[in-house]
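# What the coordinates show
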There are 2 protein chains.
Amino acid sequence: MGGDTAIWVNGTRESALDLPDRGLDYGDGLFETLLLRRGNPLFIDTHLQRLQRGLTALGFPAVLERARQELQRAAAGAGDHEWAVLRLTVTRGAGPRGYAPPERAAPRTVVRLTALEYDAGQQGEGVRLGLADIRCSAQPALAGIKHLNRLEQVLAAAQVREQGCEEGVMLDPSGTVVSAVAGNLFYLRDGALHTPALGHCGVAGTRRALLAQRWAPSIGLAVHEDSVAIEDLLAAEEVFYTNAVQGIRPVAHFGRVHWSAHPVAQRLFRCYLADCA
Amino acid sequence: MGGDTAIWVNGTRESALDLPDRGLDYGDGLFETLLLRRGNPLFIDTHLQRLQRGLTALGFPAVLERARQELQRAAAGAGDHEWAVLRLTVTRGAGPRGYAPPERAAPRTVVRLTALEYDAGQQGEGVRLGLADIRCSAQPALAGIKHLNRLEQVLAAAQVREQGCEEGVMLDPSGTVVSAVAGNLFYLRDGALHTPALGHCGVAGTRRALLAQRWAPSIGLAVHEDSVAIEDLLAAEEVFYTNAVQGIRPVAHFGRVHWSAHPVAQRLFRCYLADCA
């Protein structure tokens, strides 16, 4: 890639999106954020499986194979960087005025490649976790998928930054823990991992799925999807979060609690890193 | 305007938006839909007041005067059409990767002008009102403002169309009436108008405000903001909805109820039309 960023629209190098577009008008679309290592989009199948769940939920026509090809083509340009990030956005494309989607939509894709300064060694350092004031609203019809309606996360991220924290906990309207602002939360207690169930809000992260299916079992741990309270995090032996860019990140501070060691998170991170080949 | 649509980006005639843009990435922005009559943007102050509430809620820098100027300039091009629609979109502009907004955002504006076939006489015909399956999620931090996160309305509009209806009722998670998909609902009973309170979801419509402050009082009616149940609509003497494009639209069918006459909605519509000068 030339410079630190490159953008493709519908597979062509462009730096602008034709208007009107329902992705801009209504957030009518989906996205995925993929980590690349030496031009290889990691865990691409897991990303595309979630994308397909979103396409189905929003009633988009089939665009999965096109998305895969555009990701692969864009990724190939990143081979001179050890690490890079690829964001794929799929919108419902143009449409007439009004909320109702066109009966025959022509989705558009935007792919953005960004070089990443990534120090895998640094990932072991625990972060300071804040608490977002804004809640995740409950919406079963959109829970789990990674759609473009992300104002709650935008406002939460600003609040957490105001608190001097790198990440934050988001709660649902009843005060139950949903996730980190940009990732999924896990805690360890009595030899088992727990993560919030996401039936009515939150994003079902790719690393959350891989951790539950692959990395946790590989070190003999089960992952339970539960109703999680703030008190569960505070009483935990370890807390960490997962996302596509950081992988697995331990929490060092939350509320008045300080965790100085994160042996389970570190073991899981090594399993993860071994898979980032 | 040339053709049926014209678009301006940051005040310049363009047909594309520079990427990246947080409006596309996260729905990080706001919009207003204005009705124009002979190039005059109707009730522009009411629209700009709501826009300002949204700008404040999202923590945008001041862009109101710039938005007003761009609307006025775009509107001037529509003078050869009796009616037209102007959509203003304000996004937080470009930004680095990640949810957290840039500390110093440079918002962008997109203005789209569309000619409108509008027959004021036809507005008296009542519509068939459906019931959206998807609920309006409760989010006090975003209630009332017209932000770009509109997937719930997109899915609701598709469901209502499936039902063969022109509009639909949206409920909150507890089953209380919020609004129409693209408008605010009112019902008449015992000589008073009632409309759902919008403290935790919905958009506070410009025509809703004008009807309560101006048109209803002018015919001796008070408007009460209430908790509204489906049963209240079914038992009403009249039901209608308001939005910026249609003004005031009576409901002829909802559930098993048929209203054949809408004398109050018609009187209100005449007040409204007299103000569309």
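Since the model is a prediction, treat every value here as computed from it, not as a measurement.

On to the sheet that holds strand 7 (residues 108-115) of chain A. Residues and elements named next belong to chain A. Spatial ordering of the open sheet is given by 2-1-7-6-4-5, a layout of six strands whose pairing is antiparallel. Each edge of the open sheet is held by one strand with a lone partner, namely strand 2 (12-13) and strand 5 (40-41). Summarising the sheet, strand 4 (residues 29-37) and strand 6 (residues 83-91) pair through nine bridges and their orientation is antiparallel. Bridge pairing links G29 to T91 in strand 6. Helix 3 (residues 64-76) rests against strand 1 (5-9), strand 4, strand 5, strand 6 and strand 7 of the sheet, and its axis sits at about 25° to strand 7.

Right, let's get into the relation of the copies chain B and chain A. Comparison of the two chain copies shows a relationship of rotation about an axis with a shift along it. Overlaying chain B with chain A gives an RMSD of 0.0 Å, the required rotation being 180° about an axis along which the chain moves by 0.0 Å. Such a turn and shift between the copies fits a two-fold axis. Both copies present the same face, since 100% of the interface residues in chain B are matched by interface residues at the equivalent positions in chain A.

Residue and element names in this part refer to chain A. Its 13 residues give helix 3 an end-to-end C-alpha distance of 18 Å, which sits within 8% of 18 Å, the value for a rise of 1.5 Å per residue. If you check which residues of helix 3 are buried, you get L64, A67, E70, L71, A74 and A75. Angular distribution of buried residues about the axis of helix 3 spans 130°; they occupy a single face of the element. When the buried face of helix 3 is taken as reference, the exposed residues oriented beyond 90 degrees from it are R73 and A76. At its buried positions, helix 3 is contacted by strand 1, strand 4, strand 5, helix 2 (44-58), strand 6 and strand 7.

Here D21(A) shows up in the loop between strand 3 (16-18) and helix 1 (22-26). Expressed as a C-alpha distance, the spacing of D21(A) and A94(A), which sit 73 residues apart in the sequence, is 4.5 Å. Not counting chain neighbours up to four residues away, the residues in contact with D21(A) comprise T91(A), G93(A), A94(A), R108(A) and L24(B). There is a polar contact of 2.7 Å between the side chain of D21(A) and the side chain of R108(A).

Attention now goes to the interface of chain B and chain A. Contacts between the two partners involve 57 residues from chain B and, on the opposite side, 57 residues from chain A. Taking both sides of the interface into account, the surface hidden between chain B and chain A amounts to around 4,600 Å²; carbon and sulfur atoms contribute 63%. Contact with chain A buries surface across chain B, with R97(B), Y99(B) and L151(B) losing the most and accounting together for 18% of the total. Scanning the region where chain B abuts chain A turns up six salt bridges. In this structure, the salt-bridge partner of R87(A) is D25(B), at a minimum N-O distance of 3.6 Å. Our enumeration of links across chain B and chain A arrives at 22 residue pairs in polar contact (both at pLDDT 80 or more). Per-element accounting of the side of chain B that touches chain A gives the leading share, eight residues, to helix 4 (residues 151-162) of chain B. Looking at the side of chain B that touches chain A, its residues break down into 30 nonpolar, 12 polar and 15 charged. Direction of pairing for strand 3 of chain A relative to strand 3 (residues 16-18) of chain B: antiparallel, over a ladder of three bridges.

What follows is about the packing of helix 5 (residues 206-218) of chain B against helix 7 (residues 263-275) of chain B. Residues and elements named next belong to chain B. Between helix 5 and helix 7, whose axes approach to 10 Å, the crossing angle comes to 110°. Classified by the angle their axes make, helix 5 and helix 7 are roughly perpendicular. Listed contacts from helix 7 to R207, L211, R214, W215, A216 and S218 of helix 5 are L268, C271, Y272 and D275. Each residue belonging to the contact of helix 5 with helix 7 can be placed in one class, and the counts come to six nonpolar, one polar and three charged.

Tracing the backbone shows E70(B) in helix 3 (residues 64-76). Setting aside anything within four residues of it in sequence, one finds E70(B) in contact with N10(B), G11(B), T109(B) and V111(B).

Membership of the largest hydrophobic core comes to 52 residues, with the highest contact counts inside it found for L51(A), L55(A), L58(A) and L86(A). Of the residues forming this core, the biggest block, six residues, is contributed by helix 4 of chain B. With near-sequence residues (within four places) excluded, L58(A) lies in contact with D28(A), G29(A), L30(A), R92(A), L142(A), I145(A), L151(B) and L155(B). Counting residues in hydrophobic clusters, the runner-up holds 46 residues, among them F31(A), C165(A), W8(B) and L113(B).

Criteria and thresholds
Residues numbered from 1 in each chain as written. Chains lettered and ligands numbered in written order. Predicted model: local features only at pLDDT ≥ 70, side-chain atom pairs only at ≥ 80, totals over all residues. Heavy atoms only, no water. Pairing = 2+ DSSP bridges. Helix = DSSP H or I, 4+ residues; strand = E, 2+ residues; numbered from the N terminus. Contact = heavy atoms within 4.5 Å. Axes fitted to C-alpha atoms, helices over the stretch in contact; angles between N-to-C directions. Least-squares fit on C-alpha atoms with pLDDT ≥ 70 in both. Expected span 1.5 Å × (residues − 1). Buried < 20%, exposed > 50% of the residue type's maximum accessible area, 1.4 Å probe, protein only. Arc of directions from axis to C-beta. Polar contact = N/O pair within 3.5 Å; in protein donor to acceptor, adjacent residues only side chain to side chain. Buried area = accessible area lost by both parts, 1.4 Å probe. Salt bridge = Lys/Arg side-chain N within 4 Å of Asp/Glu carboxyl O. Nonpolar A, V, L, I, M, F, W, Y, C, P; charged D, E, K, R; others polar. Parallel < 35°, antiparallel > 145°, perpendicular 65-115°, else oblique. Core = buried A, V, L, I, M, F, W, Y, C linked by side-chain atoms within 4.5 Å.

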